[in-house]
Amino acid sequence: MGQADWACDLAERLLSTTLPRRWTHTQGVAKRAESLTPLLGAEADTLTAAAYLHDIGYAPDLVDTGFHPLDGARYLRDVVKADDVLCRLVAHHSCAVNEALNRNLFDALNAEFDEERPELVEALTYCDMTTGPDGTHLDVADRLAEIHSRYGPEHLVSRSITASTPCILAAVKAVETALSDVRLRTSG
């Protein structure tokens, strides 16, 4: 069983019953990750695994700090003894550092989890920020608007997403550019 299969089983167990909409989103994010195989090659399995695991920190049994990247990464590290790369990707997905700052968890996040290689973090951010709550593909601007409408303008998540928007947009652009370059090389 590859990492992605294992991660799918774990995420399904943690999310499908208690948070079915989050599970639907997660499946869509993983599908986007699989689509990056031409770009990532063998690392696509790792990215797909991280995509399945990126939101497990929302699972009611895992909530500790209320900051899902940190709660999910801690569970992966401490309970299931997951690969360090997966833990780091979950901890830092979708420019999580800004929400960590707003929650006064910046020091904890960075002390416990180093950042992962930028191209993998960007790829996970791309997958998450181009997938809507119903698992379908969304333009990044539509995804950001959806998050703001769901939480409202004064919510900590909305404020964090606003601070993260330049990072998110840069990640999406980097991945889209890399995908375009791969397509040009393979078609010509």
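Computed from a predicted model, the values in this text were never measured in an experiment.

1. A closer look at the overall build of the chain
Within the chain, the regular secondary structure consists of 11 helices and zero strands. Against the 2.2 N^0.38 benchmark of 16 Å for 188 residues, the chain shows a C-alpha radius of gyration of 15 Å, consistent with a compact globule. Along the longest, intermediate and shortest principal axes, the C-alpha atoms of the chain span 50 × 40 × 30 Å. Out of the 188 residues belonging to the chain, those deemed buried represent 49%. Summarising the internal contacts of the chain: among those between residues at least 6 apart in sequence, 66% fall at separations of at least 24. Treating the 17 positive side-chain charges of the chain as one cloud and the 29 negative ones as another, the clouds have centres 2 Å apart.

2. Overview of the state of the cysteines
Per the counting criterion, the structure on display carries one disulfide. Disulfide pairing places Cys-95 opposite Cys-167 at an S-S distance of 2.0 Å. Every disulfide takes its handedness from the sign of the S-S torsion; for Cys-95 and Cys-167 that torsion is -85 degrees, giving left-handed. Remark: Cys-167 occurs in helix H11 (residues 156–187) and Cys-95 occurs in the loop between helix H6 (84–92) and helix H7 (97–102); sequence separation between them is 72 residues. By relative accessible area, Cys-95 is classed as buried at 7%. Of all cysteine sulfurs in the structure, the one in Cys-8 sits closest to Cys-87, which takes part in no disulfide; the separation is 18 Å.

3. Observations concerning the side chain of Thr-48
Residue placement: Thr-48 occurs in helix H4 (residues 44–53). Residue class for Thr-48 comes out buried when judged on its relative accessible area of 4%.

4. Brief notes about the nonpolar core
Leu-14, Leu-36, Leu-47, Leu-53, Ile-56, Leu-76 and Ile-168 are the most contacted members of the largest nonpolar core, which has 55 residues in total. At the level of secondary structure, the elements contributing two or more residues to this core comprise helix H1 (3–15), helix H2 (20–34), H4, helix H5 (68–78), H6, helix H9 (118–129), helix H10 (140–151) and H11.

5. A few points about H6
Listing the buried residues of H6 in full gives Leu-86, Cys-87, Leu-89, Val-90, Ala-91 and His-92. The secondary structure elements touched by the buried residues of H6 are H1, H4, H5, helix H8 (106–112) and H9. Looking one or two residues past H6, Ser-94 carries a phi angle of roughly 55 degrees, positive in sign.

6. Some details on the pattern of salt bridges
Throughout the structure, instances matching the rule amount to 12 salt bridges. A salt bridge links Asp-55 to Arg-22, with the nearest nitrogen and oxygen atoms 3.1 Å apart. With Asp-55 in the loop between H4 and H5 and Arg-22 in helix H2, this residue pair connects regions lying 33 residues apart in the sequence. Given the relative accessible area of 18%, Arg-22 is considered buried. Here Arg-117 ties to Glu-43 by a salt bridge, and the two come within 2.8 Å at their closest N and O atoms.

7. Considering unusual backbone geometry
With a phi close to 55 degrees, Lys-81 is a non-glycine residue in the positive phi region. With respect to the element layout, Lys-81 can be found in the loop between H5 and H6. The phi dihedral of Ser-94 is positive, around 55 degrees, even though this residue is not glycine. Among the residues examined, Ser-94 registers a relative accessible area of 9% and is labelled buried.

Thresholds, definitions, all that
Residues numbered from 1 in each chain as written. Predicted model: local features only at pLDDT ≥ 70, side-chain atom pairs only at ≥ 80, totals over all residues. Heavy atoms only, no water. Helix = DSSP H or I, 4+ residues; strand = E, 2+ residues; numbered from the N terminus. Rg over C-alpha atoms; globule rule 2.2 N^0.38 Å. Buried < 20%, exposed > 50% of the residue type's maximum accessible area, 1.4 Å probe, protein only. Contact = heavy atoms within 4.5 Å. Lys, Arg positive; Asp, Glu negative; His and termini not counted. Charge placed at Lys NZ, Arg CZ, Asp CG, Glu CD. Disulfide = S-S within 2.5 Å. Core = buried A, V, L, I, M, F, W, Y, C linked by side-chain atoms within 4.5 Å. Salt bridge = Lys/Arg side-chain N within 4 Å of Asp/Glu carboxyl O.

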